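Residue strings, one per chain:
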Amino acid sequence: ERCAAIADEFGDPTTAVMATWLLGSPHFLAGDQAAAQHHCERALALSTVSGHAELKFFGYDHRTRGLISLALTLWLRGQPLRAIATARQAVDEATSHGPVDVSIALTFSTLVLLLAGEIEAAEERIEKAIAHATKYSLRHFEAVSRGIKGALLIVKGNPMAGVELLRAALATLQADRHNITVT
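By convention here, each chain's residues receive numbers from 1 onward along its written sequence. Reporting of local features is limited, given that this is a predicted model, to residues whose pLDDT is at least 70; pairs of side-chain atoms are given and counted only at 80 or more, and all residues count toward the totals for whole chains, interfaces and linings. Computation of side-chain values: all heavy atoms of the structure, hydrogens and water removed.

(A) Summary view of helix α6 (residues 99–115). Here a strand is any run of E in DSSP of at least two residues, a helix any run of H or I of at least four, and the numbering for each starts at the N terminus. Working rule for helices: expected span equals 1.5 Å times residues minus one. For α6, built from 17 residues, the straight-helix expectation of 24 Å at 1.5 Å per residue is met to within 8% by its first-to-last C-alpha distance of 25 Å. Using a 1.4 Å probe on the protein chains alone, a residue whose accessible area is under 20% of its type maximum counts as buried, one over 50% counts as exposed, and one in between counts as partly exposed. In terms of burial, α6 is largely enclosed, as 12 of its 17 residues are buried. Listed in full, the buried residues belonging to α6 are D101, V102, S103, I104, A105, L106, T107, S109, T110, V112, L113 and L114. Positive backbone phi, at 85 degrees, marks G117, one or two positions downstream of α6.

Next up, the structure:
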């Protein structure tokens, strides 16, 4: 929140948009879905008005990550149709960015589809996510995607194979010290 206040003082639209996106994701992860939705929707509106759609810093586009946080938040707040549409928007926009952005969008938009009960669409999306992460040697996203595939297998009635994939994914993430993804 201090970052957003400082960004507002600078008066630079790009900085303000990025700071607002950066507020949405932590609120989502902390469980404050109302605040997450507020900040993500505000960032989306600011980036649309200011024309700063791409905010690529630290190797990925913050708008892509923010759209995924917004999609998951919308699902948690009982808006599955908006959640699915927002997840699709994240995937569509990420295709014009780099491989990491595409991995973020493909991997985590699958969760929205899974949660919304769109099992066939989730299966198709997660296979794309795994193939993409493998192609670009994005081990973290490959592991997360395989874990999500494990959850899909459990939902589809194959718990043994699903748990095996989940265990392998967790082992990879723990070995690579991606503890935030593990929790």
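(B) Fine view of the packing of helix α4 (residues 62–76) against α6. Every axis in this analysis is a line fitted to C-alpha atoms, fitted for helices over the stretch in contact. Angles between the N-to-C directions lie between 0 and 180 degrees. At a closest axis distance of 9 Å, the pairing of α4 and α6 adopts a crossing angle of 5 degrees. The pairing of α4 with α6 is recorded here as roughly parallel in orientation. Seen from α4, the contacting residues are T64, R65, I68, A71, L72 and W75; seen from α6, they are D101, I104, A105, F108, S109, L111, V112 and L115. Each residue gets one of three labels, nonpolar for Ala, Val, Leu, Ile, Met, Phe, Trp, Tyr, Cys and Pro, charged for Asp, Glu, Lys and Arg, and polar for the others, Gly among them. Of the residues in the contact of α4 with α6, the class split is 10 nonpolar, two polar and two charged. Throughout, the term roughly parallel applies to angles under 35 degrees, roughly antiparallel to angles over 145, roughly perpendicular to angles from 65 to 115, and oblique to all others. Note on definitions: a residue-residue contact is assigned when non-hydrogen atoms from the two residues lie within 4.5 Å.

(C) Structural detail: helix α7 (residues 119–135). In this model, α7 (17 residues) spans 24 Å end to end at C-alpha, consistent with the 24 Å of a helix rising 1.5 Å per residue. For α7, the elements touching its buried residues are α5 (80–94), α6 and α8 (139–155).

(D) Spatial organisation of the packing of α4 against α5. Relative to each other, α4 and α5 sit at 165 degrees, their axes nearing to 7 Å. The angle between α4 and α5 places the two elements in the roughly antiparallel class. Considering only the axes of α4 and α5, their crossing is left-handed. The segment α4 lies against α5, with R63, T64, L67, I68, L70, A71, L74 and W75 engaging P80, R82, A83, T86, A87, Q89, A90, E93 and A94. Take the far helix as your reference; a near helix turned counterclockwise from it by less than a right angle gives a left-handed crossing, and one turned clockwise gives a right-handed crossing.

(E) Representation of the side chain of R125 within the structure. Structurally, R125 can be placed in helix α7. Among buried Asp, Glu, Lys and Arg side chains, R125 stands out as unpaired, with E124 the closest opposite charge at 6.8 Å. Discounting residues that sit within four places of it in the chain, R125 has contacts with R88, V91, L106, S109, T110 and L113. For the purpose of counting charges, residues Lys and Arg are taken to be positive, whereas Asp and Glu are taken to be negative. His and the chain ends are not included. Any Lys or Arg side-chain nitrogen found within 4 Å of a carboxyl oxygen on Asp or Glu counts as a salt bridge.

(F) Summary view of unusual backbone geometry. The residue S137 is not glycine, and still its phi comes out positive at about 55 degrees. Mapped onto the elements, S137 comes out in the loop between α7 and α8.

(G) Looking closely at the environment of L113. Among the structural elements, L113 can be located in helix α6. Look at L113 and you get buried, because its relative accessible area is 1%. The spacing of L113 and A87 is 26 residues in sequence and 8.4 Å in space, taken between C-alpha atoms. Those residues in contact with L113, other than ones at most four positions away along the chain, are I84, E118, A121, A122 and R125.

(H) Structural view of the pattern of salt bridges. Using the criterion set out here, one finds seven salt bridges in the structure. A salt bridge links R139 to D176; the nearest nitrogen and oxygen atoms lie 2.5 Å apart. Pair noted here: R139 is in helix α8 and D176 is in the loop between α9 (159–175) and α10 (179–182), with a separation of 37 residues, a long-range link. Relative accessible area serves as the criterion here: at 47%, R139 is assigned to the partly exposed category. Since its relative accessible area comes to 29%, D176 is described here as partly exposed. As a salt-bridge pair, E142 and R146 come within 3.1 Å of each other at their nearest N and O atoms. Of this pair, E142 and R146 both sit in helix α8, four residues apart, which is roughly one turn of the helix. Residue classification places R146 among the partly exposed residues on the basis of a relative accessible area of 32%.

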